[in-house]
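The chain contents come next:
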Amino acid sequence: MTGPRVRFAPSPTGFFHVGSARTSLFNWLFARQTGGTFILRIEDTDTERNRDEWHRGIIAAMAWLGLDFDEGPFLQSEFLFDHVASAEALFANGFLYACDCTREQIDERIKGNAKPGYDGHCRERHVARSDATALRFRVPDTGTTVVHDMIRGDVEFPHDSYEDFIVVKSSGAVLYPLANAVDDRTMEITHVIRGEDLLPTTPKQVMMWEALNHCPEVTPVPHPLYAHLPMLVNEQRKKLSKRKDPVAVESYRDQGYLADAFVNYLALLGWSPRGDDEIVTRSTLVEQFRLGDVSHSPAFFDVRKLTHVNGEYIRALSIDEFIEQSAPWVRPWTTGWRPGDREVPWTKEQFSEELFAKVAPLVQERVATLGEIPAMVDFFFQDEVSFDEVTFDKTIANDPVGRELLRSAITTFETVQWQASVLHEATLWMGEALGMALRKSQAPIRCAVTGRSVGPPLFESLELLGREVTLTRLRDALARANA
Ligand code: GLU
Ligand code: ZN
């Protein structure tokens with residue numbers, strides 16, 4: 001007996017949804033922990049969504065997250081023959097019957113019925129099959145189907161709430177519930193781990209699985225266990241919306257979330273590690289994760305918390321790792337990859353690896369995503385300061401004391417020893433002489449040199465920029481205010 005076999009079976013949508021990422025991760029964790037097999041099967045049979053680049057997107061996103069699969073990628077469309085063969089077996093053994101009713105006829109007949117949906121009209125009519133007939137599954141009139149769910153326990157679905165559903169359309173297309181179950185049988189899947197939104201279809205799949213096991217020409221396959229993962233919701237406790245909520249994993253990658261931080265956060269969506277610390281390594285996740293401990297209540301996808309977790313991961317990097325990880329955001333020309341459409345605010349010629357290595361420790365403490373770095377350090381590499389006009393007006397143009405401070409800084413900074421602590425001291429007493437608190441006396445200098453009101457520690461930055469550049473910027477800012 002080999003270990004469990006699980007699969008991640010996304011339908012391509014053009015981007016990788018955070019819900020898919022969570023499903024993929026929980027399958028991966030379960031497989032890695034149990035020594036099982038993790039399979040990627042792309043369910044591409046909806047032909048409109050069958051685009052090569054979309055498949056590549058799924059594979060790339062999983063690679064970024066470090067979710068490696070052991071078998072696949074398979075495409076569901078490779079197994080069309082099996083889907084048809086299984087449908088034929090079900091038909092030959094009386095589990096499916098042909099139905100030639102049109103939508104209008106059905107609607108007309110079922111008006112006012114207590115039980116919604118198809119009324120079983122063709123069950124015993126023995127309609128001849130043609131290109132106008134669909135095949136429906138004969139749902140037993142009484143009894144229940146039980147779904148054995150590792151998270152929810154046994155969930156019972158009474159048969160009288162299911163209509164005789166369509167399995168094969170009149171076009172001959174085998175619909176997703178059967179195709180998906182047939183592939184799970186072929187791949188000998190032991191645990192179906194997927195989103196809660198699919199739970200209503202599961203009893204249909206269990207019924208068809210059971211029926212296939214009763215077809216003499218089909219090899220019986222034991223039923224898998226199910227695990228339906230809790231829904232992801234937004235702040236309003238509504239199901240995440242593709243349009244309104246930021247759900248694309250690629251956009252988090254492009255903003256500079258670290259894959260490890262993202263994986264750690266995803267693991268918290270419906271599950272939590274033992275102990276108080278939610279920030280745990282990937283190997284701890286593999287070790288501690290239990291499907292049975294996954295909660296069934298909806299999980300809030302909280303971007304703020306994700307960002308917090310990411311900040312913690314960034315601060316935990318060694319300085320060399322931090323510099324390495326920042327590369328696509330600060331010197332994409334060396335990595336060959338630029339995140340999304342992001343432009344770097346300096347040229348290759350303006351950038352200095354050496355200077356960035358010195359600046360890096362100052363920003364590592366202050367960013368929550370790598371994407372925040374360029375705007376925080378652009379003044380080191382750009383020749384001209386890009387001013388935030390509101391800050392400029394507030395701290396320099398409309399503040400005579402601020403301009404006074406810049407004037408004394410120009411004189412003082414010409415001669416003091418060029419060292420952060422000395423510059424700090426000097427600014428303190430210049431400000432004091434003008435009746436300003438330190439925070440206020442820093443503001444016009446910061447604005448003149450960096451263009452902004454926030455950034456890395458000011459005096460360390462001045463030390464790195466050097467006396468000449470600092471003095472020029474102080475003078476230029478004054479001139480700009482007087483212009
Ligand atoms: N491809 C379907 C989906 O993404 C089914 C997934 C599954 O059964 O895991 O919704
Ligand atoms: Zn019918």
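Residue positions are given per chain, counted from 1 along the sequence in the order it is written. Chains carry letters from A onward and ligands carry numbers from 1 onward, assigned in written order. Local features in this predicted model are restricted to residues whose pLDDT is 70 or higher, and side-chain atom pairs enter the listing and the counts only when it is 80 or higher, whereas totals over whole chains, interfaces and linings include all residues. Side-chain measures were taken over the full set of non-hydrogen atoms in the model, leaving aside hydrogen atoms and water.

K.L.:
An account of the layout of surface pockets is needed here, citing residue identities and associated values.
P.N.:
A water-sized probe rolled over the atoms picks out the places where empty space is left. By volume, the largest pocket is sized at about 1300 Å³. Cavities and pockets were defined on a 1 Å grid built over protein atoms only: a cavity is a set of grid points that admits a 1.4 Å probe from which the probe cannot escape, a pocket is an open set flanked by protein on both sides within 12 Å along at least five of seven lines, and lining residues are those with an atom within 4 Å of any such point. Lining the largest pocket are 46 residues, with A9, P10, S11, D197 and L198 positioned closest to its centre. Counting from the N terminus, the helices are DSSP H or I runs at least four residues long and the strands are E runs at least two residues long. Mapped onto the lining of the largest pocket, the elements with two or more residues apiece are β1 (5–8), α1 (18–34), α3 (80–92), α5 (176–186) and β9 (191–195). When residues of the lining of the largest pocket are assigned to their parent elements, the largest contribution, 4 residues, is made by α1. Any residue that is not Ala, Val, Leu, Ile, Met, Phe, Trp, Tyr, Cys, Pro, Asp, Glu, Lys or Arg is counted as polar, Gly included; the first ten are nonpolar and the last four charged. Taken together, the residues of the lining of the largest pocket sort by class into 18 nonpolar, 16 polar and 12 charged. Grid points are joined across faces, edges and corners, and a volume is the space filled by probe spheres set on the points. The calculated volume of the second largest pocket comes to roughly 290 Å³. Lining the second largest pocket are 14 residues, and of these K394, T395, R439, K440 and A443 sit closest to its centre. For the lining of the second largest pocket, the secondary-structure elements that each account for two or more residues are α15 (389–397) and α18 (438–450). Considering each element in turn, the lining of the second largest pocket owes the most residues, 6 residues, to α18.

K.L.:
Break down the pairing of strand β2 (residues 37–42) for me, with residues and values.
P.N.:
Under the scheme applied here, a residue whose accessible area is under 20% of the maximum for its type counts as buried, over 50% as exposed, and between as partly exposed, the area being computed with a 1.4 Å probe on protein chains only. Counting buried positions along β2 yields 6 of 6 residues, so the element is predominantly enclosed. Pairing between β1 and β2: 4 bridges, direction parallel. Considered in β2, the bridge of R5 is made with T37. The path from the first strand over the helix to the second decides the hand: if it runs clockwise while the strands point away from the viewer, the crossover is right-handed. One crossover worth recording links β1 to the parallel β2 by way of α1, and it is right-handed. One ladder, built from 3 bridges, connects β2 with strand β3 (residues 71–75); its direction is parallel. Two strands are said to pair when DSSP picks up at least two bridges between them.

K.L.:
Residues and numbers for the pattern of salt bridges, please.
P.N.:
Salt bridges are defined by distance alone: a side-chain nitrogen of Lys or Arg within 4 Å of a carboxyl oxygen of Asp or Glu. Evaluated as defined, the whole model comprises 27 salt bridges. Measuring nitrogen to oxygen at the nearest pair gives 3.0 Å for the salt bridge that ties D70 to R32. A residue pair is termed long-range when its members are at least 10 positions apart, and D70 in the loop between α2 (52–65) and β3 and R32 in helix α1 qualify at 38 residues. We note a salt bridge from E353 to R331, for which the minimum N-O separation is 3.3 Å. In this pair, E353 sits in helix α13 (residues 353–364) while R331 sits in the loop between α11 (319–330) and α12 (332–335), placing the two residues 22 residues apart along the sequence. On the basis of relative accessibility, which here comes to 44%, the residue E353 falls in the partly exposed class. On the basis of relative accessibility, which here comes to 10%, the residue R331 falls in the buried class. Shared partners join several salt bridges into a network, and the residues in it are R7, R41, E43, D183 and D184.

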